[in-house]
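# Analysis of the macromolecular model
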Amino acid sequence: MKHAGHQKEECKAVDTYARSGLPSLPENSYKLAEDTGGLRLLLTVAKGARVMLRQNLDVSDGLVNGARGWVEEVELREDEVAKIWVRFDRDAGQKWCHAHQTSCVAIERRSGRFDGKDGSRVQRQQFPLVLAWSTTVHKSQAATHHEGVHARLDKEVKQPGQAYVALSRSPSMRLLTLECFNQNSLVHNEEAEWALAKLKLQQLKQAPPAGDKHLGEVWRKLFHVAESREVLEQRVR
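Structural notes, computed from the coordinates. The structure presented is a predicted model; accordingly, all values stated were derived computationally and were not measured.

On to the sheet that holds strand β9 (residues 110-115), then. Taken together, the three strands give an open sheet; going across it, the order is β3-β10-β9, and neighbouring strands pair in antiparallel fashion. Each edge of the sheet is formed by a strand with only one pairing partner; in this case those strands are β3 (14-17) and β9. Direction aside, the axes of adjacent strands within the sheet are offset by 25 degrees on average. For β3 and strand β10 (residues 121-126), the ladder comprises four bridges, and the chain directions are antiparallel. Paired with Val-14 across the strands is Gln-125, a residue of β10.

Structure follows, in structure tokens:
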């Protein structure tokens, strides 16, 4: 067994027909991993690459679709990639590492199925990883990128809340840059605006606790609403 170091290694998928086990040609596949069970036809990796997991391996351990990390090692067996060792972010895979007494997780080939262009069911064997130097707004939900965010708000960003999700992944304005800005990407959700107005109105109707001056002051600071009651009532009609 030997290791690839920083050399780039190509991992080609192995496609077979699910029923017969016979090989399925690459022409019977699709370009996007979303159309092939999350598994790419060709994955190129090297030590130091930024990658994202595309299948749920262990939800309780944080090894889920969308988990990201860094390739620590590419392990070879007979000049073929056998394992890709990944150190995942946010302590994902810690249970696996503890059980195997390692500092990173060994990713091996997994199976996925999809309907080929000829209509037949195809089974693919491939490492469930994709390069993740960039990511989609959808995949970045709930993440905080402490190193900063470089975002594109182009014509593809058109759903309510997408622009907010993209920009709010950065912990500060100082670490946020925009490569592209389309004003039409700022789409608000009327139902969300109505729900927020209703919540604020409920807060206005609540009286602060009686008998404790300090607690009452804290209450007013926590539930301070800038809009007047009349404005909020107009919004929730």
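Next comes the rest of the write-up.
On to the pairing of strand β13 (residues 176-181). As defined by bridge partners, strand β12 (residues 149-153) adjoins β13 across five bridges and the pair is classed as parallel. When the sheet's bridge partners are listed, Val-149 is paired in β13 with Leu-176.

On to the environment of Val-105, then. Turning to its location among the elements, Val-105 is positioned in strand β8 (residues 105-107). Accessibility expressed as a relative area gives 2% for Val-105, which makes it buried. Along the primary structure Val-105 and Lys-83 are separated by 22 residues, whereas in three dimensions their C-alpha atoms are 9.4 Å apart. When neighbours within four sequence positions are excluded, Val-105 is seen to be in contact with Leu-63, Ile-84, Trp-85, Val-86, Phe-88, Gly-93, Trp-96 and Cys-97.

Definitions and limits used
- Residues numbered from 1 in each chain as written.
- Predicted model: local features only at pLDDT ≥ 70, side-chain atom pairs only at ≥ 80, totals over all residues.
- Heavy atoms only, no water.
- Pairing = 2+ DSSP bridges.
- Helix = DSSP H or I, 4+ residues; strand = E, 2+ residues; numbered from the N terminus.
- Axes fitted to C-alpha atoms, helices over the stretch in contact; angles between N-to-C directions.
- Buried < 20%, exposed > 50% of the residue type's maximum accessible area, 1.4 Å probe, protein only.
- Contact = heavy atoms within 4.5 Å.

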